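Residues per chain are reported as follows:
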Amino acid sequence: MSTEITTTRAMRRRSVLPGFGISIAITSLVMTALVIIPLSVLALRAASLGPTEFLAAAWTPRARAAYAVSLGASVVAAAVSSVCGLLVAWVLVRIDFPGRRLLDSLVDVPLALPTAVAGLVYSTLYVERGWLGRFLVPLGIQGAYSWLGIVLVLVFVSLPFAIRVVQPVLESLDRDSEEAARMLGANRAQTFLKVIFPAIFPAVLTGFALALARALGEYGSVVFISGNMPFKTEIAPVLIVSRLEEFAYAEATAIAVVLLAMSISLLVVVNALQQRVARNAQ
Amino acid sequence: MPKPTITSANPLTERLLIAVAVGIVGLLIVVPLASVFAEAFAEGPAAWWRALAHDPDTRHAIWLSLTVAPLAVAINTVFGIATAWLVSRFRFPGRSLLITLCDVPFSVSPVVAGLALVLIFGRQGLLGPTLASLGWKVIFSWPGLVLATTFVTLPLVVRELIPVMEAIGPEEELAAVSLGANGWQVFTRVTLPNIRWALLHGIVLANARAMGEFGAVYVVSGHIAGATDTMPLRVEKLFQEYRTPASMAVASVLAGLALVTLVAKFVIERQLEAEARELEAARSLPDTIDGSGTPPDAGPRTSTQASIP
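### Some points on the overall build of chain A
Part 1 of the argument: Across its full length, chain A carries 14 helices and zero strands.
Part 2 of the argument: The order of α-helices and β-strands along chain A, N terminus first, is α-α-α-α-α-α-α-α-α-α-α-α-α-α.
Part 3 of the argument: Seen through its principal axes, chain A has C-alpha atoms that stretch 65 × 60 × 35 Å.
Part 4 of the argument: Out of the 282 residues belonging to chain A, those deemed buried represent 54%.
Part 5 of the argument: Within chain A, residue pairs in contact and separated by at least 24 positions form 73% of the contacts whose partners lie at least 6 positions apart.
Part 6 of the argument: Element-wise, carbon and sulfur atoms account for 67% of the exposed surface of chain A, whose accessible area totals about 12700 Å².
Part 7 of the argument: The centroid of the 22 positive side-chain charges in chain A is displaced by 4 Å from the centroid of its 16 negative side-chain charges.

This is how it looks when you write it as structure tokens:
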């Protein structure tokens, strides 16, 4: 206790530990040059368009279709990731079986595998002659160059987020209340729905939001598999790039600002949720 | 380790759950990963090697990736240490804003980040004309690649360091300062040994992301073969040119790198867990051992003091 008090006091008198000046210089330099100035320039450039021009650029039918594809596929992918993620996290935490550690390591593959590789492989897997496509295409399931393909790669890139947020919360879950519920006659389903799920729900929701944020911005893998057909399988980041390649900077900027606004609002939601998870853990 | 208790499911349900989890990971992760290598080596290792080594543009892409990624990681390492030091050791106005800002690159689409850089450094950008008159090229050139890659990997080192430095606390550094160590000595002899595994963890993750970054780099590179194509961009270009086997060969190198990253990550995480346990054990020791008059390492400490001019 006493050390804690001296510690806080020492940190307030910030002259005690060295390096404040140089650290703040490095941090502000990198932060300003890489994050603050670029994002401000983007916002200013969009603001300089004026409201009517901005709307004309950001709200064209093609752009609206791209937002819809982006949002729709990302929400579906994040939901699939959350459900699958909860299940995988549950198995990793609650059940001991040979190969558990291997499964645990494999979950991180999407974090380390370049998204371009993922996109390339998924598109070759689900075409008619691919490993999986040869079974699925005859059934009428088109996994490549389709909306489903977008969802598939987005699930791939967002799955680790959904798992890794839920896993520690499941680990720290107090087993006593579960045991009490079972002793008092609740069946497994009741115990899960009324005791476990409320406790892990904020974590599941955080995982969903993180997966959604990741999916909304994803470009590398989608560009390979979606076919990028305007109005059908064109996501917002792909539209930004194609506008940029036509040197339509104003339009690209306007669409980027809409996408940025979505991401930043998600970041705010994630931060609020994470604070709630931290409070629940205490 | 879970033991059978009243709350554990029956063996049949457990097996079913394991099967579904293995199925999910298998179908989404293992099958694609295996197929990269299967496709890359479909025509034998000789063809694989030819695709990589005998194509000058691919060779250049590999070389470019090996230059850009370390530069971005180096910037991130310096930024990560400085920011984690600030956040974990000082209280100042704007501290929580800084923590939030560190996460921003994670939630911004890489394409948007690349576009922002083009708006600043591009030919029609804010600084474009000035840079052009100086003869500097940022967009469609390697400095742009480094900037874009640094942006997308910015949170990775910092996020690893902050929790570890918060958990360790400033006591040892305060002790070093009170014994007369200067800033550099505190950093190299106290802080760095304490955070080395967490730092390495962050560097490994940042490097993997830097090698594989596609969206941000795609926008700023102008994809000029043999000039600004990194390995992931080369994968896409070969794919667009209907040279899928060659594309798969480059992809297999990236996938191999990802596997090496995961093994390194696994080893480092073991070390981190061991150190966290040690820290916990040290915390639970009674105060008398910490506060005893002669610490066992009194010798090196005095020599440290003696070396200070």
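### Some points on the overall build of chain B
Part 1 of the argument: Within chain B, the secondary structure is distributed over 14 helices and zero strands.
Part 2 of the argument: Reading the helices (α) and strands (β) of chain B from amino to carboxyl end gives α-α-α-α-α-α-α-α-α-α-α-α-α-α.
Part 3 of the argument: Burial analysis of chain B (309 residues in total) assigns 49% to the buried set.
Part 4 of the argument: Taking the intrachain contacts of chain B between residues at least 6 apart in sequence as the baseline, contacts between residues at least 24 apart amount to 72%.
Part 5 of the argument: For chain B, the exposed area adds up to about 14400 Å²; of that, 66% sits on carbon and sulfur atoms.

### Description of unusual backbone geometry
Part 1 of the argument: The phi dihedral of Phe231 of chain A falls on the positive side, at around 75°, and the residue is not glycine.
Part 2 of the argument: On the secondary structure map, Phe231 of chain A appears in the loop between helix H12 (222–225) and helix H13 (236–245).
Part 3 of the argument: Not every positive phi belongs to a glycine, and Phe140 of chain B is a case in point at roughly 60°.
Part 4 of the argument: Take Phe140 of chain B: its relative accessible area is 33%, and that puts it in the partly exposed class.

### Points about the packing of aromatic side chains
Part 1 of the argument: Scanning all chains against the criterion turns up 18 aromatic pairs over all chains.
Part 2 of the argument: Ring-pair connections join several aromatic residues into one group, and the members of that group are Tyr219 and Phe224 of chain A together with Phe214, Tyr218 and Phe239 of chain B.
Part 3 of the argument: Residue placement shows Arg94 of chain A over the ring face of Trp90 of chain A; its charged tip is 4.7 Å from the ring centre.

### Considerations on the environment of Asp57 of chain B
Residue and element names in this part refer to chain B.
Part 1 of the argument: Locating Asp57 in the fold gives a position in helix H3 (residues 56–89).
Part 2 of the argument: Given the relative accessible area of 27%, Asp57 is considered partly exposed.
Part 3 of the argument: Apart from the residues lying within four places of it in its own chain, the contact partners of Asp57 are Ala225, Gly226 and Arg234.

### Comments concerning H3 of chain B
Part 1 of the argument: In this model H3 of chain B runs 49 Å from its N-terminal to its C-terminal C-alpha over 34 residues, within 8% of the 50 Å that 1.5 Å per residue would give.
Part 2 of the argument: The backbone nitrogen of Asp57 of chain B has a side-chain oxygen 2.9 Å away, supplied by the residue at the start of H3 of chain B, namely Asp55 of chain B.

### Here we look at the domain arrangement of chain A
Residues and elements named next belong to chain A.
Part 1 of the argument: According to the domain assignment, chain A consists of domain 1 (1–48) and domain 2 (50–281).
Part 2 of the argument: The centre of domain 1, based on its C-alpha atoms, is set 31 Å off from the matching centre of domain 2.
Part 3 of the argument: Facing the seven residues of domain 1 at the interface are seven residues of domain 2.
Part 4 of the argument: Counting the surface lost from both domain 1 and domain 2, the interface buries some 520 Å², and carbon and sulfur atoms represent 75% of this.
Part 5 of the argument: Among the residues of domain 1 in contact with domain 2, Leu42, Arg45 and Ala46 are the three that bury the most area, contributing 70% of the side total.
Part 6 of the argument: At the boundary of domain 1 and domain 2, one finds zero salt bridges.
Part 7 of the argument: Taken together, domain 1 and domain 2 are joined by two residue pairs in polar contact (both at pLDDT 80 or more).

### Description of the environment of Cys84 of chain A
Part 1 of the argument: With respect to the secondary-structure elements, Cys84 of chain A resides in helix H4 (residues 61–94).
Part 2 of the argument: Measuring from C-alpha to C-alpha, the distance between Cys84 of chain A and Val155 of chain A comes to 9.4 Å, with 71 residues separating the pair along the chain.

### Looking at the interface of chain B and chain A
Part 1 of the argument: Taken together, the 93 residues of chain B in the interface contact 87 residues of chain A.
Part 2 of the argument: Both sides of the chain B and chain A interface together cover about 8400 Å² of buried area, and 79% of this is carbon and sulfur.
Part 3 of the argument: On inspection of chain B and its partner chain A, the count reaches one salt bridge.
Part 4 of the argument: For Asp108 of chain A, the salt bridge identified is with Lys265 of chain B, shortest N-O distance 2.6 Å.
Part 5 of the argument: Scanning the region where chain B abuts chain A turns up six residue pairs in polar contact (both at pLDDT 80 or more).
Part 6 of the argument: Looking at the side of chain B that touches chain A, the element that brings in the most residues is helix H1 (residues 11–40) of chain B, giving 20 residues.
Part 7 of the argument: A class-by-class count of the residues in the side of chain B that touches chain A yields 64 nonpolar, 19 polar and 10 charged.

Rules behind the numbers
Residues numbered from 1 in each chain as written. Chains lettered and ligands numbered in written order. Predicted model: local features only at pLDDT ≥ 70, side-chain atom pairs only at ≥ 80, totals over all residues. Heavy atoms only, no water. Helix = DSSP H or I, 4+ residues; strand = E, 2+ residues; numbered from the N terminus. Buried < 20%, exposed > 50% of the residue type's maximum accessible area, 1.4 Å probe, protein only. Contact = heavy atoms within 4.5 Å. Areas by Shrake-Rupley, 256 points an atom, 1.4 Å probe, with all protein chains shown as cover. Lys, Arg positive; Asp, Glu negative; His and termini not counted. Charge placed at Lys NZ, Arg CZ, Asp CG, Glu CD. Phe/Tyr/Trp six-rings, centres within 6.5 Å; stacked < 30°, edge-to-face > 60°. Lys NZ or Arg CZ within 6 Å of the ring centre and 35° of its normal. Expected span 1.5 Å × (residues − 1). Polar contact = N/O pair within 3.5 Å; in protein donor to acceptor, adjacent residues only side chain to side chain. Domains from an automatic or database assignment. Buried area = accessible area lost by both parts, 1.4 Å probe. Salt bridge = Lys/Arg side-chain N within 4 Å of Asp/Glu carboxyl O. Nonpolar A, V, L, I, M, F, W, Y, C, P; charged D, E, K, R; others polar.

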